[in-house]
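# Observations on the three-dimensional arrangement
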Amino acid sequence: QQKVQQSPESLSVPEGGMASLNCTSSDRNFQYFWWYRQHSGEGPKALMSIFSDGDKKEGRFTAHLNKASLHVSLHIRDSQPSDSALYFCAASPPGNKLTFGIGTRVLVRP
Amino acid sequence: EAAVTQSPRNKVAVTGGKVTLSCNQTNNHNNMYWYRQDTGHGLRLIHYSYGAGSTEKGDIPDGYKASRPSQENFSLILELATPSQTSVYFCASGDRALNTGQLYFGEGSKLTVL
């Protein structure tokens, strides 16, 4: 069973629209949650982290964490074509040993 | 900007052959990792290292060995390559002192085993 599960598998949003991605973990040892983004042909890059309950906003990106339910989400407002990418949710206990989900592919339609 | 470079970027190998994927980082990070990426599986951890001379098994270590001869270099070795090891492999480094999970990835090495 995947310890980090993501939904949906893929998502299509119009330019300027809102994209919402979900992630649930099954391991209560996970304390640190990350969103990574991977453009085609590149390695994944850390997008943002969230370690505490509640919301964290960075520009057009907002992450939300509920530690009780081990659920984390990512919302992208005013989506741009450059946001088209594969988004990974990842989680780790202390020690940097990240476990990744299978990813959500986001396509922003012009 | 943190820098992780991998070589080769593309490799075609024959079944039963030996393959070595190399990774070099200039971040002075203690921790280094090898992941493989496959559709439907995401990124899966093969081996990792906490520093020169150390290697640890990740979640899918079977068929792979790792070597960390120095702080900067971390290699993934396939002694007897099989077609099931056809994949894209990513190396990453992380700062052990931060301990929070931020990793810096290389650009990937695409391996095809015929």
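Structure shown above.
Given the structure is predicted, the values throughout are model-derived calculations rather than measurements.

## Describing the overall build of chain A
- Helix and strand counts for chain A come out as zero helices and eleven strands.
- Counting from the amino terminus, helix and strand elements in chain A follow one another as β-β-β-β-β-β-β-β-β-β-β.
- In terms of its C-alpha atoms, chain A occupies a principal-axis envelope of roughly 40 × 30 × 20 Å.
- Counting across all 110 residues of chain A, residues that qualify as buried make up 46%.
- Working note: accessible area of chain A is about 5000 Å², and carbon and sulfur atoms make up 48% of it.
- Computing the positive centroid from 12 side-chain charges and the negative centroid from 9, chain A places the two 4 Å apart.

## A closer look at the nonpolar core
- In terms of nonpolar packing, the biggest core is built from 25 residues, with Leu21, Phe33, Trp35, Phe61, Val72, Leu74 and Tyr87 of chain A touching the most fellow members.
- Broken down by secondary-structure element, the contributors of at least two residues to this core are β2 (10–14), β3 (19–25), β4 (32–38), β5 (45–50), β7 (61–66), β8 (71–76), β9 (85–92) and β11 (104–109) of chain A.
- Of all the elements, β9 of chain A adds the most residues to this core, at four residues.
- Setting aside residues up to four positions removed in sequence, Tyr87 of chain A forms contacts with Gln6, Leu21, Tyr36, Arg37, Leu47, Phe61, Leu74, Ile76, Gly103, Thr104 and Val106 of chain A.
- Core analysis: the next-biggest nonpolar cluster, separate from the first, contains 18 residues, Cys23, Trp34, Tyr64 and Leu111 of chain B among them.

## A short note on the sheet that holds strand β3 (residues 19–25) of chain B
Residues and elements named next belong to chain B.
- Reading across from one edge, β1-β3-β8-β7 is the order of the four strands in this open sheet, with antiparallel pairing throughout. In this open sheet, the two edge strands, each paired with only one partner strand, are β1 (4–7) and β7 (65–67). Sheet twist, expressed as the average angle between the axes of neighbouring strands with direction ignored, equals 20°.
- Where β3 and strand β8 (residues 73–78) come together, six bridges link them in antiparallel fashion.

## Observations concerning the sheet that holds β3 of chain A
Residues and elements named next belong to chain A.
- The five strands are arranged β1-β3-β8-β7-β6 in an open sheet whose pairing can be described as antiparallel. For this open sheet the edge positions go to β1 (4–7) and β6 (54–58), each flanked by a neighbour on one side alone. Averaged over all pairs of adjacent strands, the angle between strand axes in this sheet comes to 15°, irrespective of strand direction.
- Relative to β7, β6 runs antiparallel, the two being bridged by five bridges. The partner of Asp55 across the bridge, within β7, is His64.

## What about the state of the cysteines?
- Inspection of the entire model under this criterion finds two disulfides over all chains.
- Note that Cys23 of chain A is cross-linked by a disulfide to Cys89 of chain A, the S-S spacing being 2.0 Å. With the S-S dihedral at roughly -70°, the linkage between Cys23 of chain A and Cys89 of chain A falls on the left-handed side. You can see Cys23 of chain A sitting in strand β3 and its partner Cys89 of chain A sitting in strand β9, a full 66 residues away along the chain.
- Paired through a disulfide, Cys23 of chain B and Cys91 of chain B show a sulfur-sulfur distance of 1.9 Å. A torsion of -80° about the S-S bond marks the disulfide between Cys23 of chain B and Cys91 of chain B as left-handed. Of this pair, Cys23 of chain B sits in strand β3 while Cys91 of chain B sits in strand β9 (residues 87–94); the two residues are 68 residues apart in sequence, bridging distant segments of the chain.

## Notes on the interface of chain B and chain A
- In this assembly, 25 residues from chain B lie in contact with 23 residues from chain A.
- Of the roughly 1800 Å² buried where chain B meets chain A, counting both sides, 49% is carbon and sulfur surface.
- Taken together, the links from chain B to chain A amount to zero salt bridges.
- Sorting the residues of the side of chain B that touches chain A by element identifies β4 (31–38), β5 (42–49), β9 and β10 (103–105) of chain B as the ones contributing at least two each.
- Taken together, the residues of the side of chain B that touches chain A break down into nine nonpolar, eleven polar and five charged.

## Topic: the pattern of salt bridges
- Under the definition given, this model contains eight salt bridges over all chains.
- A salt bridge links Asp27 of chain A to Lys3 of chain A; the nearest nitrogen and oxygen atoms lie 3.4 Å apart. Of the two residues, Asp27 of chain A sits in the loop between β3 and β4 while Lys3 of chain A sits in the segment before β1, which places them 24 residues apart along the sequence.
- As a salt-bridge pair, Asp38 of chain B and Arg44 of chain B come within 3.0 Å of each other at their nearest N and O atoms.

Procedures and definitions
Residues numbered from 1 in each chain as written. Chains lettered and ligands numbered in written order. Predicted model: local features only at pLDDT ≥ 70, side-chain atom pairs only at ≥ 80, totals over all residues. Heavy atoms only, no water. Helix = DSSP H or I, 4+ residues; strand = E, 2+ residues; numbered from the N terminus. Buried < 20%, exposed > 50% of the residue type's maximum accessible area, 1.4 Å probe, protein only. Areas by Shrake-Rupley, 256 points an atom, 1.4 Å probe, with all protein chains shown as cover. Lys, Arg positive; Asp, Glu negative; His and termini not counted. Charge placed at Lys NZ, Arg CZ, Asp CG, Glu CD. Core = buried A, V, L, I, M, F, W, Y, C linked by side-chain atoms within 4.5 Å. Contact = heavy atoms within 4.5 Å. Pairing = 2+ DSSP bridges. Axes fitted to C-alpha atoms, helices over the stretch in contact; angles between N-to-C directions. Disulfide = S-S within 2.5 Å. Buried area = accessible area lost by both parts, 1.4 Å probe. Salt bridge = Lys/Arg side-chain N within 4 Å of Asp/Glu carboxyl O. Nonpolar A, V, L, I, M, F, W, Y, C, P; charged D, E, K, R; others polar.

Take it as geometry only, folks, not as evidence of what the structure does.
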